[in-house]
Amino acid sequence: ATPTHLPPQSRASPTLYANVSTSGKKLHLRVVDFGDPEGTHADVVRAAAQEHGAFLVVNHGVSAAVLDDARDALAAFFALPHEAKMALANLPPTDALPEAQLRNLCNGYAYLGKERIDALNGGDDAKPDPTEKFSMTFGPGFDLNPAVSGNVFHPDVPGMQARMEALLMASTALGRRVFREIAVAAGVAPDHFDRFLTDGRTCALRSLMYPGGAGDTQQLRMAPHTDRGPLTLLPSDPSESLEYLMGKTWLPVAYQKDAFLVHLGDFLTVLTGDYGADTRDGKGKGSSGGAGKSWKSNWHRVGRPRPSSNGTYPSRLSVAHFFNFDPSTPVRPLRQLHDDVREAGGDDELYADWLLAQFGKTYYSDDDDDNGNGQGGDGADRGDGDNGNPAGTLKGQKTEL
């Protein structure tokens, strides 16, 4: 029988949208020091992957100056008038090749409410994300030339291109090191994933601005979800707004100064885990690195704003680098990915098609207009809806997509 991955609970369950724990407890992730020799962290990485689906990296090589410069540029961009930002708006998806569609979705500006991560949890009543987003990526061969990458920058933000490209390059170098450490922890050669990371068109750096406000809102700043690609990198969050679902309890992820968080996604658990168990619930008898336990892709969200004593809450800026494999990579378990991966055989699904399907679930298509005034909704939070398991096929298995 085809094994099926089921979510730990449905949208109707109160768990997904429950309040964060009031116990004061925080989730302290394992820490990997990249100042140590490469390939010496397999036990820590494997344990972190099995326990939390995430770990922190220190001495990672991304300078504070590069990160601060990029944040300053992003703050200036998001402060521009709406009409000015819309000049960089995401191009609408077309019927072109999947790679071209992904490039359109991975570049430029998405206005407040344009995307709806909540749609990944099933049902037709998903509410829009209460966040603005700016994205950039590479052209083929990790080329940053805007003529081939499609990246766009606003002329009213001095040095925006140089500052954002510096962060993208530094984060990419860090990501490659992370993949080598993950490979060793998974029991394969350190350079195993290099063959799937030669293109760059689907490795998107996405910057998210969560506006500040006033009042006791019940809207989650980002709906519960798991990331679809192999891994995501983001700086540790001093506001501790990022929350992980541990069992049936949401815990804020503890901040660690000058650290990057490595979050493992669905595709990495498909590659490394026990495909007959729910890797996102950590209950399988997986074979990752011979350890006998599945690697996690953990449910996470950005929690409800916490108003201060005067009833207001601040804006929040987050920068996340979503790593994805080359568009032509066949969707197969790790043990089936051979040196001839460029030649997908039979009815193999390609990674670009699989990833594009995930993007399609999060974008509004009806009633959008050129001014970004389409479906915005009131963003009201809710825990109702159908018991959806919107499954998609991952080459011989089903997973909640």
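These notes cover the structure that comes with them. Remember, it's a predicted structure, so these values are computed and weren't measured experimentally.

It is worth spelling out the sheet that holds strand S11 (residues 260-264) at this point. Within a sheet, each strand pairs with its neighbour through backbone hydrogen bonds, oriented either parallel or antiparallel. Pairing within the open sheet is mixed, and its eight strands lie in the order S1-S2-S11-S8-S14-S5-S4-S3. Strands at the two margins of the open sheet, each flanked by one partner only, are strand S1 (31-33) and strand S3 (108-110). Looking at each pair of strands side by side, their axes are set apart by 25 degrees on average, direction ignored. When strand S8 (residues 231-235) meets strand S14 (residues 316-323), the two strands line up antiparallel, connected through three bridges. By the bridge assignment for S14, Thr232 is matched with Phe322.

Under the criterion given, the structure shown has 14 aromatic pairs. An angle of 45 degrees between the planes, with centres 5.8 Å apart, marks the rings of Phe179 and Phe325 as tilted. Residue Phe179 is found in helix H6 (residues 160-185), and its partner Phe325 is found in the loop between S14 and helix H8 (351-362); the two are separated by 146 residues along the sequence. Note on accessibility: Phe179 and Phe325 belong to one class, buried. Over the ring of Phe142 we find Arg176, and its NZ or CZ is 4.6 Å from the ring centre.

Next up on the list: the packing of helix H2 (residues 64-78) against H6. Direction vectors running N to C along H2 and H6 enclose 135 degrees, while the axes themselves pass 8 Å from each other. One way to sum up the angle between H2 and H6 is to call them oblique. Handedness of the H2/H6 crossing: left-handed. For the pair H2 and H6, the contacting residues are Val66, Leu67, Asp69, Ala70, Asp72, Ala73, Leu74 and Phe77 in the first and Met160, Arg163, Met164, Ala166 and Leu167 in the second. The class makeup of the residues in the contact of H2 with H6 is ten nonpolar, no polar and three charged.

Rules used throughout
- Residues numbered from 1 in each chain as written.
- Predicted model: local features only at pLDDT ≥ 70, side-chain atom pairs only at ≥ 80, totals over all residues.
- Heavy atoms only, no water.
- Pairing = 2+ DSSP bridges.
- Helix = DSSP H or I, 4+ residues; strand = E, 2+ residues; numbered from the N terminus.
- Axes fitted to C-alpha atoms, helices over the stretch in contact; angles between N-to-C directions.
- Phe/Tyr/Trp six-rings, centres within 6.5 Å; stacked < 30°, edge-to-face > 60°.
- Buried < 20%, exposed > 50% of the residue type's maximum accessible area, 1.4 Å probe, protein only.
- Lys NZ or Arg CZ within 6 Å of the ring centre and 35° of its normal.
- Parallel < 35°, antiparallel > 145°, perpendicular 65-115°, else oblique.
- Left-handed = near helix turned anticlockwise from the far one by under 90°.
- Contact = heavy atoms within 4.5 Å.
- Nonpolar A, V, L, I, M, F, W, Y, C, P; charged D, E, K, R; others polar.

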